Amino acid sequence: MLNINEIRNQFPILNQKINGNQLIYFDNGATSQKPIRVIDTISNYYKTSNSNIHRGVHTLSRTATEQFENARTTIANYFNIENPQQLIFTSGTTDSINIIAQGLANGVLNNGDEIILSSYEHHSNILPWQLWAERNNGTLKIIPLLENQQLDLDKLESLITNKTKVIAIAHVSNTLGLITDIEKISTLAKKYNLVLVVDGAQSAPHMAIDLQKLDVDFFVASAHKIYGPTGIGMLCMSEKWLQNLPISKTGGGTIKTVSFDKTEYAEGALRFEPGTPNISGAIGFAEAINFINEIKIDTIYNHELDLVQYAQKKLEEIPEVEIYGRAEIKAGVISFNVKNQHPFDVGTLLDKYGIAVRTGHHCTQPLMHCLGIQGTIRISFAIYNTRTEIDFFIEKLKKVIQMLS
Ligand SMILES: Cc1ncc(COP(=O)(O)O)c(C=O)c1O
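Note that the structure is predicted; figures quoted are calculated from it, not measured. (Residues numbered from 1 in each chain as written. Predicted model: local features only at pLDDT ≥ 70, side-chain atom pairs only at ≥ 80, totals over all residues. Heavy atoms only, no water.)

Draft legend 1. Here's a closer look at helix α7 (residues 182-191). When α7 is considered as a whole, its buried residues turn out to be Ile-182, Ile-185, Ser-186, Leu-188 and Ala-189. Along the axis of α7, the buried residues cluster in a sector spanning 165°; they form a single face. Away from its buried face, by an angle of more than 90 degrees, α7 presents the exposed residues Thr-187 and Lys-191. On the buried face of α7, the contacting elements are α6 (156-159), β7 (164-170), β8 (195-199) and α8 (211-214). Following α7 by one or two positions, Asn-193 adopts a phi angle in the positive range, close to 60°. (Buried < 20%, exposed > 50% of the residue type's maximum accessible area, 1.4 Å probe, protein only. Helix = DSSP H or I, 4+ residues; strand = E, 2+ residues; numbered from the N terminus. Arc of directions from axis to C-beta. Contact = heavy atoms within 4.5 Å.)

If you want it as structure tokens, here you go:
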């Protein structure tokens with residue numbers, strides 16, 4: 001039986017008042033809060049094991065290396081990655097996508113090639129590809145939206161030409177919470193021999209992900225949205241790319257031998273991890289995965305789905321509210337607007353009641369353009385949120401609507 005109070009007690013930040021009210025944190029899509037075990041793990045690492053990794057023979061260095069590599073194995077096991085070396089630590093989703101795009105730009109993508117994105121991509125999964133396209137006469141092709149704001153995946157095949165090389169797509173829309181059918185896209189990517197890049201920033205926090213089953217070329221995510229620390233994330237690549245993706249960042253740690261004439265690079269993950277990595281971050285990330293494993297990701301998914309369905313129903317009962325991307329099955333996120341009101345005004349007034357929501361374009365300006373709006377109010381859930389919080393939020397939202405009208 002899920003004991004939410006017990007879970008909430010593990011998050012010290014939740015136990016505070018904001019503007020005189022108990023904090024209600026509905027901005028988990030931006031970053032989730034961290035359980036005390038993650039905070040303690042990072043703190044203990046600095047208190048007991050801090051040292052640089054991989055190159056030291058002394059005890060502390062070996063301990064830190066072991067903790068860092070164990071973290072890689074814990075996270076790889078969680079995502080069912082066959083070989084932990086396929087999991088590269090990066091600073092987050094944005095960094096991971098840049099590494100992929102710059103790697104593919106070095107010898108995989110050719111002048112004039114085409115890349116397919118979706119209408120609901122986060123800017124982090126647009127700009128690295130756009131930059132490449134601007135410099136190389138390339139074209140971005142966009143999967144359109146249906147009337148109900150789901151992606152029109154039936155149009156995908158018609159976008160593919162003999163110049164198409166990559167499909168880069170979000171697993172879950174950070175603005176709408178809609179889940180992309182990656183298996184359908186993967187079938188097409190395989191049929192046309194395209195590289196498939198999946199942005200898992202918003203799926204990893206909410207649903208079980210089996211990367212052997214998903215079988216995509218690249219999958220990326222950020223620890224800070226999955227109860228882990230900021231500044232650390234993952235880039236998982238298939239064995240093929242682990243051997244073949246051209247490196248775009250080099251430096252200490254990535255090599256076997258260096259001379260002024262020639263460098264022989266290391267194999268495996270180290271090849272893509274130049275410089276001193278975020279050691280405490282990786283260890284904290286693994287502890288966040290231990291936290292999830294104890295609760296079980298399916299329990300988290302079901303709890304958040306219940307919250308989404310409950311909140312969506314309550315929001316629909318308010319005549320002034322318009323929901324975007326309404327669907328029964330979603331991953332933890334709802335976007336809406338209050339008719340004739342600016343999302344910032346609504347968000348600012350909700351903050352007065354201690355309710356943290358996100359307002360604006362959510363780094364999806366092209367999606368806002370498709371929807372014909374400037375921005376939305378977004379509520380996004382985590383395991384520690386409750387129906388009681390939603391009830392309070394709905395009550396205060398109604399009050400805010402009254403105040404603004
Ligand atoms: C779908 C999606 N992609 C990419 C990112 C960027 O993640 P980060 O800022 O952790 O690199 C986000 C962050 O909100 C996101 O939601």
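Draft legend 2. Examining the packing of aromatic side chains more closely. For the structure on display, the rule yields 13 aromatic pairs. Seen from their ring centres, Phe-26 and Phe-381 are 5.1 Å apart, and the 90° between their planes marks the pair as edge-to-face. Of this pair, Phe-26 sits in the loop between β3 (24-25) and α2 (36-49) while Phe-381 is found in the loop between β17 (376-380) and α14 (387-404), placing the two residues 355 residues apart along the sequence. For Phe-26, a relative accessible area of 0% translates into the label buried. (Phe/Tyr/Trp six-rings, centres within 6.5 Å; stacked < 30°, edge-to-face > 60°.)

Draft legend 3. Just the sheet that holds strand β9 (residues 218-222), in detail. The sheet built from 7 strands is open, its strands ordered β4-β10-β9-β8-β7-β5-β6 with mixed pairing. Since the sheet does not close on itself, it has two edges, and those belong to β4 (87-90) and β6 (139-143), each with one partner. Ignoring strand direction, the axes of neighbouring strands in this sheet form an average angle of 20°. Looking at chain direction, strand β5 (residues 114-118) and β7 are connected through 3 bridges and run parallel. Bridging across to β7, Ile-115 finds its partner in Val-166. (Pairing = 2+ DSSP bridges. Axes fitted to C-alpha atoms, helices over the stretch in contact; angles between N-to-C directions.)

Draft legend 4. Quick look at the sheet that holds strand β16 (residues 358-360). If you walk across this open sheet you meet the 4 strands as β13-β14-β17-β16, and the pairing is antiparallel. This sheet does not close on itself; its edge strands, each paired only once, are β13 (321-324) and β16. The sheet shows a mean angle of 30° between the axes of neighbouring strands, direction not considered. With 3 bridges joining them, β16 and β17 adopt antiparallel strand pairing. The residue bridging Thr-359 from the neighbouring strand is Ile-377, located in β17. Running at roughly 10° to strand β14 (residues 333-338), helix α11 (residues 297-316) makes contact with β13, β14 and β17 of the sheet. Here helix α12 (residues 343-352) sits on the sheet and contacts β14, β16 and β17; the angle it forms with β16, its principal contact strand, is near 160°.

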